[in-house]
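One-letter residues, chain by chain:
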2 protein chains.
Amino acid sequence: MKTAPRIRIDLGSPVAAGRQIVDAIRAHLVEGELAPGDVLPSVRRLAMELGVHFNTVAQAYRQLAEEGWLDLKHGRRAAVIGRGPVADAGPDKVLHFQRRLREMVAEMRAHGVAQDSIADELRLFAERLKS
Amino acid sequence: MKTAPRIRIDLGSPVAAGRQIVDAIRAHLVEGELAPGDVLPSVRRLAMELGVHFNTVAQAYRQLAEEGWLDLKHGRRAAVIGRGPVADAGPDKVLHFQRRLREMVAEMRAHGVAQDSIADELRLFAERLKS
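In this text the structure is predicted, and so the values were computed from the model without any measurement.

A closer look at the overall build of chain A
At step 1: Looking only at helices and strands, chain A features five helices and two strands.
At step 2: Taken from the N to the C terminus, the helices and strands of chain A come in the order α-α-α-β-β-α-α.
At step 3: Viewed in the frame of its principal axes, chain A has a C-alpha envelope of about 50 × 35 × 30 Å.
At step 4: By the burial criterion, 32% of the 131 residues in chain A qualify as buried.
At step 5: For chain A, the proportion of contacts with a sequence separation of at least 24, taken over those separated by at least 6, is 43%.

Structure (structure tokens):
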């Protein structure tokens, strides 16, 4: 059994820890580092590792289960399941993400990341998506 | 006096309303749609417009004041002030934003936005930054 990819969160961030856990695990799922059949760390263990409350991890796992990524029903372990095909995002969702992307770019600039570096970063991500 | 740019938030989003307000106003500030001397809507008016609690807007304004964008001291109105030069972001901050960008791309894919569309979007933002 392969080792689960590391989940990192930033306790100093204004983004709630639970949301950071969801976002980090979802990225591993979308990118295939976590695949159907893989088992996540127990709620208790991940909570200890990250230094957050048990309930924060439990709630994050529940959200990912609602999104169709995890099976929480059998036993105590959260298992990755195959997610059916996803409907194409409608224009509302695309607009929503455009807004959030714009706001993240603004936040990077506000924090002193140079415009050219941000542009390079965005291009790098775009390239990776093409493969 | 020019009209203040519109602030949009999504009350159905898992992102806290206060954070959405901060992100939306910060984007206007970074992009220059809000400039020093401009005055934001009163806390009460914006709270009513957005359908959120008075304190949520007040807290968002305080955060933007802490980030150096707003002056809240004189009278009741939040005024945009000139922000001094920002220190270059250190490697930690750059890594932090890379992670968040990666997670946002994963979230878009999980919501059914096609990889090619995401790549096009990222390139478009990169182009805008070069100008």
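Don't stop here, the text continues.
Here we look at the interface of chain B and chain A
At step 1: Every contact between the two is made by 43 residues of chain B and, on the other side, 43 residues of chain A.
At step 2: Only α1 (17-30), α4 (91-110) and α5 (115-130) of chain B provide two or more residues apiece to the side of chain B that touches chain A.
At step 3: Broken down by element, the residue count for the side of chain B that touches chain A peaks at 16 residues, all from α4(B).
At step 4: Partitioning the side of chain B that touches chain A into residue classes produces 22 nonpolar, five polar and 16 charged.

Some points on helix α2 (residues 43-50) of chain A
Residues separated by three or four positions in an α-helix point in the same direction, a consequence of the helix having 3.6 residues per turn.
Residue and element names in this part refer to chain A.
At step 1: Buried within α2 are the following residues: V43, L46, A47 and L50. All buried residues of α2 lie within an arc of 100° about the axis, which places them on one face of the element. Along α2, the residues that are exposed and aim more than 90 degrees away from the buried face are R44 and R45.
At step 2: Those residues of α2 that are buried lie in contact with α3 (54-66).
At step 3: Just past α2, the residue G51 takes up positive phi, approximately 75°.

So, the environment of M48(A)
Residues and elements named next belong to chain A.
At step 1: In this fold, M48 is placed in helix α2.
At step 2: Owing to 13 C-beta atoms within 10 Å, M48 belongs among the partly exposed residues under this scheme.
At step 3: Each C-alpha atom, one on M48 and one on A87, is 36 Å from the other, the two residues being 39 residues apart in sequence.

Quick look at the relation of the copies chain B and chain A
At step 1: Superposing chain B onto chain A takes a rotation of 180° combined with a translation of 0.0 Å along the rotation axis, leaving an RMSD of 0.0 Å. In the structure described here, the two chain copies are related by an operation that fits a two-fold rotation axis.
At step 2: Here 100% of the contact residues of chain B are again contact residues in chain A; the copies associate through an equivalent surface.

Quick word on the domain arrangement of chain A
At step 1: Once the domains are mapped, chain A shows domain 1 (17-80) and domain 2 (91-130).
At step 2: Summarising the inter-unit geometry, the C-alpha centres of domain 1 of chain A and domain 2 of chain A are found 26 Å apart.

Quick word on helix α3 (residues 54-66) of chain B
All names here are of chain B.
At step 1: For α3, spanning 13 residues, the distance from its first C-alpha to its last is 19 Å, which sits close to the expected 18 Å at 1.5 Å a residue.
At step 2: Here α3 has its buried residues at T56, V57, A60, Y61 and L64. Take α3 and look down its axis: the buried residues cluster within an arc of 135°, on one side only. Exposed side chains of α3 directed beyond 90 degrees from the buried face belong to F54, N55 and E66.
At step 3: Looking at the packing, one finds that the buried side of α3 touches α1, α2 (43-50) and β1 (70-71).
At step 4: After α3 finishes, the residue G68 shows a positive phi value of roughly 95°.

Digging into the packing of helix α5 (residues 115-130) of chain A against α5(B)
At step 1: Their axes nearest at 8 Å, the elements α5(A) and α5(B) cross at an angle of 160°. Taken together, α5(A) and α5(B) sit at an angle that is classed as roughly antiparallel. Regarding α5(A) and α5(B), the two cross each other, and that crossing is left-handed. Contact residues: α5(A) offers Q115(A), I118(A), A119(A), L122(A), R123(A), F125(A), A126(A), L129(A) and K130(A), while α5(B) offers Q115(B), I118(B), A119(B), L122(B), R123(B), F125(B), A126(B), L129(B) and K130(B).
At step 2: Of the residues in the contact of α5(A) with α5(B), the class split is 12 nonpolar, two polar and four charged.

Each value, and the rule that gives it
- Residues numbered from 1 in each chain as written.
- Chains lettered and ligands numbered in written order.
- Predicted model: local features only at pLDDT ≥ 70, side-chain atom pairs only at ≥ 80, totals over all residues.
- Helix = DSSP H or I, 4+ residues; strand = E, 2+ residues; numbered from the N terminus.
- Buried ≥ 20, exposed ≤ 12 C-beta atoms within 10 Å, placed from the backbone.
- Contact = placed C-beta atoms within 7 Å.
- Nonpolar A, V, L, I, M, F, W, Y, C, P; charged D, E, K, R; others polar.
- Arc of directions from axis to C-beta.
- Least-squares fit on C-alpha atoms with pLDDT ≥ 70 in both.
- Domains from an automatic or database assignment.
- Expected span 1.5 Å × (residues − 1).
- Axes fitted to C-alpha atoms, helices over the stretch in contact; angles between N-to-C directions.
- Parallel < 35°, antiparallel > 145°, perpendicular 65-115°, else oblique.
- Left-handed = near helix turned anticlockwise from the far one by under 90°.

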